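The lines below spell out each chain.
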Amino acid sequence: MPEQSLWTIFINASLVNNFVLAYFLGICPFLGVSSKLQTASRMGGAVTFVMLVSSVCAFGIQALLVAIDAPYLKLVSFIAVIASTVQLVEMFIKKVSPALFRSLGIFLPLITTNCAILALALFQTNKGYSFIQCIVYALGAGLGFTLALVLMAGLREKLELAAVPDVTKGTALALMIAGLLSVTFMGFGGLGG
Amino acid sequence: MAEPSNSSTDEFLKGLWKDNPVFVQVLGMCPTLAVSNTALNALAMGLATAFVLVMSNIAVSSLRNFVPKQVRIASYILIIATFVTVVDYTIQVISLDLYKSLGAFISLIVVNCVILGRAEAFASKNTVALSIMDGLGMGLGFTFALLCLGGVREILGNGSLFGAQLFHDAFQKWVVMILPSGGFFTLAGWLLLFNWREQRKAKKHERAGLSFREEVA
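Since this is a predicted model, take the numbers as computed values, not measurements.

Next up on the list: the overall build of chain B. A count of helical and extended segments in chain B gives ten helices and two strands. Of the regular secondary structure in chain B, the N- to C-terminal order runs α-α-α-α-α-α-α-β-β-α-α-α. For chain B, the C-alpha radius of gyration of 19 Å lies close to 17 Å, the compact-globule estimate for 217 residues. Summarising its shape, the C-alpha atoms of chain B cover approximately 60 × 55 × 25 Å along the three principal directions.

Encoded structure:
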């Protein structure tokens, strides 16, 4: 629906249909990088940036593919663009902040396989958004992802000190928290209209 | 891989149970959670993923001596994306309903970490035959895990399995199990079960003084 207002798109992407908690996209970094608050917020920043760039690129590619009538190349070209954007961000972070580079570790190159980014490119094409709408959508999705990551990291930092049974340590506990967060985010339903 | 003595049956079995991609390695969470709301979706998604996994393992393994190290990840991703496009169009032909209910998640098989993980960790270092067995094992292990999740969620959330009604009409459906949060809770439950088994086994070993490897095998 191209008539949607920009604000609606933003709220929808960031809260109502939060990429992590409602669509299950980007669960791997969500579980992997969410043990420290600082790392989590920077990871969110990196993902948001990659989302913005790849969203703009995906818009251009889609226009091109429609022009040359080759829809079957969509997936291959989207993923190629995302992979190169991630490479760019990786080199940039390595240069600017080696400490951050080390703390993100393997999860930085893995942004390539972060489903949230590819999904964003696919969703915006499916929904037929205009250029401005694409940017707002990417921004909303990126901020929503960051929000989920930061909330999760905050909770997990507190839980470090709690005495939980041995069996629940690690991923199982993280998933239960994620489930509770997801229930909370359901409360935003209907906000975007 | 350091030990070339591993037989192909071992490679096949390790994916199914010992190194199950979902329950043990905790990889490929996104499609696992997103499409496991019914058993049928879970089965279709699992098989589609298994197909892509086997095909990409074959391709990566046969090209392993030609791809330069610097561009390997990018080439793997392109190989995977090609096969996913094939699957995407195939499912569309077989069943449009299924295609609609799986939605964007068919395309998102590209970014399933299990597939790239196997390409990088196994297929790029092993022969084609071993890679096929590895792909099959991991793929079926993934399908099995998806079915475990999908089955539980469909039974509790909808009172049915593969669309067949299991309970009397009076059964109160747990709607939350079909919703996103149900996925998180169900997976957490399965992981708890696996952790508990591991711990109990470890304790038993401590008491009996056996080596840990024997029992696992």
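The helix and strand inventory of chain A stands at eight helices and zero strands. Its C-alpha radius of gyration of 17 Å places chain A within 12% of the 16 Å reference for a compact globule of 193 residues. Across its three principal directions, the C-alpha atoms of chain A cover 60 × 45 × 25 Å. Contacts in chain A between residues far apart in sequence, at least 24 positions, make up 81% of those at least 6 positions apart.

A separate point is the interface of chain B and chain A. At the junction of the two partners, chain B supplies 32 residues and chain A supplies 35 residues. Among the elements of the structure, helix 2 (29–34), helix 4 (72–94), helix 6 (113–123) and helix 9 (180–208) of chain B are those that each provide at least two residues to the side of chain B that touches chain A. Broken down by element, the side of chain B that touches chain A gets its largest block of residues, twelve residues, from helix 9 of chain B. Among the residues making up the side of chain B that touches chain A, the classes are represented as 25 nonpolar, seven polar and no charged.

With that settled, consider helix 7 (residues 128–158) of chain B. With 31 residues, helix 7 of chain B should cover 45 Å at 1.5 Å per step; its first-to-last C-alpha distance of 43 Å lies within 8% of that length. Immediately beyond the C-terminal end of helix 7 of chain B, within one or two residues, lies Gly159(B), with a positive phi of roughly 70 degrees.

Mapping Pro31(B) onto the fold places it in helix 2. Sequence-wise, Pro31(B) and Arg153(B) are 122 residues apart; in three dimensions their C-alpha atoms are separated by 15 Å.

With that out of the way, let us pick up helix 6 of chain B. With eight of its eleven residues buried, helix 6 of chain B lies for the most part within the structure. Looking at the buried residues of helix 6 of chain B, the elements they touch are helix 2 (27–32) of chain A together with helix 3 (39–62), helix 4 and helix 7 of chain B.

Let's shift gears to the packing of helix 7 (residues 131–159) of chain A against helix 8 (residues 171–186) of chain A. All names here are of chain A. Where helix 7 contacts helix 8, the axes come no closer than 11 Å and their chain directions differ by 130 degrees. The orientation of helix 7 relative to helix 8 falls into the category oblique. Here the hand of the crossing between helix 7 and helix 8 comes out right-handed. Note on element contacts: helix 8 touches helix 7 through Leu173, Ala174, Ile177, Ala178 and Leu181, opposite Ala148, Leu151, Met152, Leu155, Arg156 and Leu159. Classifying every residue of the contact of helix 7 with helix 8 by side-chain character gives ten nonpolar, no polar and one charged.

Residue and element names in this part refer to chain B. Per-residue confidence for chain B averages 82 on the pLDDT scale, and 93% of its residues sit at or above 70. When pLDDT is averaged over each helix and strand of chain B, the minimum, 51, is found for helix 10 (residues 212–216) and the maximum, 91, for helix 3. Segment residues 1–5 is flagged for pLDDT under 50; beyond a separation of four residues in sequence, or across chains, it makes two contacts in the model. Interface scoring of the predicted complex returns ipTM 0.77; its pTM is 0.81.

With that settled, consider the environment of Tyr129(A). Residue and element names in this part refer to chain A. Counting through the fold element by element, tyrosine 129 comes out in the loop between helix 6 (115–127) and helix 7. Classification of tyrosine 129 by C-beta neighbours within 10 Å gives buried; the count is 21. Leaving out residues up to four positions away in the same chain, tyrosine 129 has contacts with Gln124, Cys134 and Tyr137.

Let us look at the packing of helix 1 (residues 8–18) of chain B against helix 7 of chain B. Residue and element names in this part refer to chain B. One can describe the packing of helix 1 onto helix 7 by two numbers: an axis separation of 7 Å at closest approach and a directional angle of 20 degrees. Relative to helix 7, helix 1 is oriented roughly parallel. For the element pair helix 1 and helix 7, the recorded crossing hand is right-handed. Listed contacts from helix 7 to Ser8, Glu11, Phe12, Leu13, Lys14, Gly15 and Leu16 of helix 1 are Ala129, Leu130, Met133, Asp134, Leu136, Gly137, Met138, Leu140, Gly141 and Phe144.

Turning our attention to the nonpolar core. Leu118(A), Ala119(A), Ile80(B) and Val110(B) are the most contacted members of the largest nonpolar core, which has 116 residues in total. Element by element, the count of residues in this core is highest for helix 3 of chain B, at twelve residues. Sequence-distant contacts of Val110(B), that is, excluding residues within four places in its chain, are made with Leu75(A), Ile79(A), Leu118(A), Ile80(B), Ala81(B) and Val84(B).

Residue and element names in this part refer to chain A. Counting through the fold element by element, leucine 88 comes out in helix 4 (residues 74–96). Judged by C-beta crowding, with 13 C-beta atoms within 10 Å, leucine 88 ranks as partly exposed. As for leucine 88 and threonine 171, which are separated by 83 residues in sequence, their C-alpha atoms are 31 Å apart.

Rules behind the numbers
Residues numbered from 1 in each chain as written. Chains lettered and ligands numbered in written order. Predicted model: local features only at pLDDT ≥ 70, side-chain atom pairs only at ≥ 80, totals over all residues. Helix = DSSP H or I, 4+ residues; strand = E, 2+ residues; numbered from the N terminus. Rg over C-alpha atoms; globule rule 2.2 N^0.38 Å. Contact = placed C-beta atoms within 7 Å. Nonpolar A, V, L, I, M, F, W, Y, C, P; charged D, E, K, R; others polar. Expected span 1.5 Å × (residues − 1). Buried ≥ 20, exposed ≤ 12 C-beta atoms within 10 Å, placed from the backbone. Axes fitted to C-alpha atoms, helices over the stretch in contact; angles between N-to-C directions. Parallel < 35°, antiparallel > 145°, perpendicular 65-115°, else oblique. Left-handed = near helix turned anticlockwise from the far one by under 90°. pLDDT = per-residue confidence, 0-100. Core = buried A, V, L, I, M, F, W, Y, C linked by C-beta atoms within 7 Å.

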